Amino acid sequence: MNTFKTYGERAKAHSNACARSLLELMERKHTNLSVAVDVTKKAELLSIADAVGPYVCVLKTHIDIVDDFDQDLVHQLEQLAKKHDFLIFEDRKFADIGNTVKHQYGNGIYKIASWSHITNAHTVPGEGIIQGLKDVGLPLGRGLLLLAEMSSKGALTKGDYTTESVAMARRHQDFVFGFIAQQQMNQTDDEDFLVLTPGVGLDIKGDGMGQQYRTPREVIVDSGCDVIIVGRGIYGNPDQVQEQSARYRDAGWAAYLERCQQHGS
Ligand code: S5P
């Protein structure tokens, strides 16, 4: 996108319902922070979700790593989403043929489509994966992000793979509203894909297992992304969850305001 628009302006013009809700929420709450709560106990997940709730637009989960998962966990997450005004993003990274992902999304123990506003998928199987997920998610008002680029060292998500992923998204804009990527992906003024970006940290550059971190400013100002996804930088030290949430929320929002200023908005 060549013409810069604020989150609020984009919300008004967006054709995708999920993108609209997210952009409106970001504008109303003044936050472009998503926290990745990658913990393995139900009580800890809920306690962190409650603590970070006031600071985030999106709470990102990996529900299948929770040892003591039950339906009540989902029920309580939904309550917290209402209490604090955030969307839930189950980072399921679907990666199979359409018919299989349909069941993985709607059925099984987790029934992801019934509670998660947003989910994501790899494009490696081809476009059928989007169709399968759309059959289940679109009637429920859900939105999908495609993994166009990963944050980890040596990721194969580059070049033609990324270009083809964006082309697939273009053909399904009723359901696909953006990407997990490291830079903005719009090519024309008419396009408005959201980019949610993991691999964000203020204190370290990596984790010794391939993760690579950039600062909120590098992600939002230099690369034109929309949402910063922060995991261990926030929940890594249990005594500082709220303090770190405020720190990353402020850094993300300051970066957004700097971008607005650069463009005279
Ligand atoms: O390319 C990616 C895509 C994702 S969704 N790189 C990532 O790190 N993620 C997710 O973002 C990852 O699964 C984890 O939940 C989060 C990053 O966590 P952190 O602790 O490294 O900030």
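Worth saying up front: this structure is predicted, and the values here are computed from it rather than measured. Residue positions are given per chain, counting from 1 as you read along its sequence in written order. pLDDT decides what is reported in this predicted model: residues at 70 or higher carry local features, side-chain atom pairs at 80 or more are listed and counted, and totals for whole chains, interfaces and linings draw on all residues regardless. Excluded from the side-chain calculation are hydrogens and water; included are all heavy atoms of the structure.

**Quick word on the site of the ligand**
Then, in step 1: Throughout, the term near means that a residue has one or more heavy atoms lying within 4 Å of the molecule or strand in question. In the region of the ligand, 16 residues are neighbours, and D38, K60, S151, Y213 and R232 sit closest.
Then, in step 2: Whenever two N or O atoms come within 3.5 Å, that pair is a polar contact, provided that in protein one can donate a hydrogen and the other can accept it, and provided that, for residues adjacent in sequence, both atoms are side-chain atoms. The side chain of D38 places a nitrogen or oxygen atom 2.6 Å from an oxygen atom of the ligand.
Then, in step 3: Within the side chain of D91, an N or O atom sits 3.5 Å from an oxygen atom of the ligand.
Then, in step 4: Computed on the free molecule, the ligand has an accessible area of 490 Å², of which 92% lies beneath the protein chains in the complex.
Then, in step 5: In this analysis a 1.4 Å probe is tested at points of a 1 Å grid over the protein atoms alone, and where it fits but cannot get out there is a cavity; an open set with protein on both sides within 12 Å along at least five of seven lines is a pocket; lining residues have an atom within 4 Å of a point. Criterion for pocket placement: a molecule counts as inside a cavity or pocket if more than half of its atoms are within 2 Å of its grid points. Cavity membership is defined here by more than half of the atoms lying within 2 Å of grid points; on that basis the ligand lies in the largest pocket.
Then, in step 6: Gly counts as polar in this scheme, as do all residues outside two lists: the nonpolar Ala, Val, Leu, Ile, Met, Phe, Trp, Tyr, Cys and Pro, and the charged Asp, Glu, Lys and Arg. Looking at the shell around the ligand residue by residue, the classes come out as seven nonpolar, four polar and five charged. To be clear on the numbers: accessible area is Shrake-Rupley with a 1.4 Å probe, and residue cover counts the displayed protein chains and nothing else.

**As for the side chain of H84**
Then, in step 1: Under the DSSP-based scheme used, a helix requires at least four consecutive residues in state H or I and a strand at least two consecutive residues in state E, with every element numbered from the N terminus. Here H84 shows up in helix α4 (residues 71-84).
Then, in step 2: Buried residues are those whose accessible area, probed at 1.4 Å on protein chains only, stays under 20% of the maximum for their type, while exposed residues exceed 50% and partly exposed ones sit between those limits. Relative accessible area serves as the criterion here: at 13%, H84 is assigned to the buried category.
Then, in step 3: At a separation of 2.6 Å, a polar atom in the side chain of H84 contacts the side chain of D50.
Then, in step 4: Residues are treated as being in contact if the distance between any of their heavy atoms lies within 4.5 Å. Residues within four places of H84 in sequence aside, it is in contact with K29, A49, D50, G53 and P54.

**So, the packing of aromatic side chains**
Then, in step 1: Centres within 6.5 Å are what make two rings of Phe, Tyr or Trp a pair, Trp counting through its six-membered ring; a difference in plane orientation under 30 degrees is then read as stacked, over 60 as edge-to-face, and the rest as tilted. Following the criterion strictly, the structure yields six aromatic pairs and no others.
Then, in step 2: Judged by centre distance (3.9 Å) and plane angle (10°), the rings of Y7 and Y256 are stacked. You can see Y7 sitting in helix α1 (residues 7-13) and its partner Y256 sitting in helix α10 (residues 241-262), a full 249 residues away along the chain.
Then, in step 3: For Y256, a relative accessible area of 4% corresponds to the buried category.
Then, in step 4: Ring geometry for F179 versus F193: centroids 5.0 Å apart, planes at 65°, classification edge-to-face. Taken together, the positions of F179 in strand β6 (residues 176-180) and F193 in the loop between β6 and β7 (194-197) put the pair 14 residues apart, joining distant regions of the chain. For the pair F179 and F193, a shared accessibility class is recorded, and that class is buried.
Then, in step 5: A ring is considered to have a charge above it if a Lys NZ or an Arg CZ atom is located within 6 Å of its centre and within 35 degrees of its normal. The ring centre of Y248 lies 5.8 Å from the NZ or CZ of R247, which sits over that ring.

**Topic: the packing of helix α3 (residues 42-52) against α4**
Any two packed helices are characterised by the angle at which their axes cross and by the distance between the axes.
Then, in step 1: Between α3 and α4, the shortest axis-to-axis distance is 10 Å and the interhelical angle comes to 5°. By the angle between their directions, the pair α3 and α4 is classed as roughly parallel. Residues K42, L45, L46, A49 and D50 of α3 form the contact with α4, whose participating residues are D72, L73, Q76, L77, L80, K83 and H84.
Then, in step 2: Among the residues making up the contact of α3 with α4, the classes are represented as six nonpolar, two polar and four charged. Between N-to-C directions, angles span 0 to 180 degrees; the directions come from axes that are lines fitted to C-alpha atoms, helices contributing only their stretch in contact. Any angle between 65 and 115 degrees counts as roughly perpendicular, while under 35 counts as roughly parallel, over 145 as roughly antiparallel, and the rest as oblique.

**With respect to the UniProt feature "binding site: substrate" (unreviewed entry) in the protein chain**
Then, in step 1: UniProt positions are given in the numbering used here, feature names are shortened, and annotations may be inferred rather than shown by experiment. Listed under "binding site: substrate" (unreviewed entry) in the UniProt record, and renumbered for this structure, are D38, K60, S151, Q211, G231 and R232. Of the residues named above, D38, K60, S151, Q211, G231 and R232 line the largest pocket.
Then, in step 2: Relative to the elements of secondary structure, K60 occurs in strand β2 (residues 58-61).
Then, in step 3: Sequence-distant contacts of K60, defined by excluding residues within four places in its chain, comprise S34, V35, A36, V37, D38, F89, D91 and I229.
Then, in step 4: Positionally, G231 belongs in the loop between β8 (227-230) and α9 (232-235).

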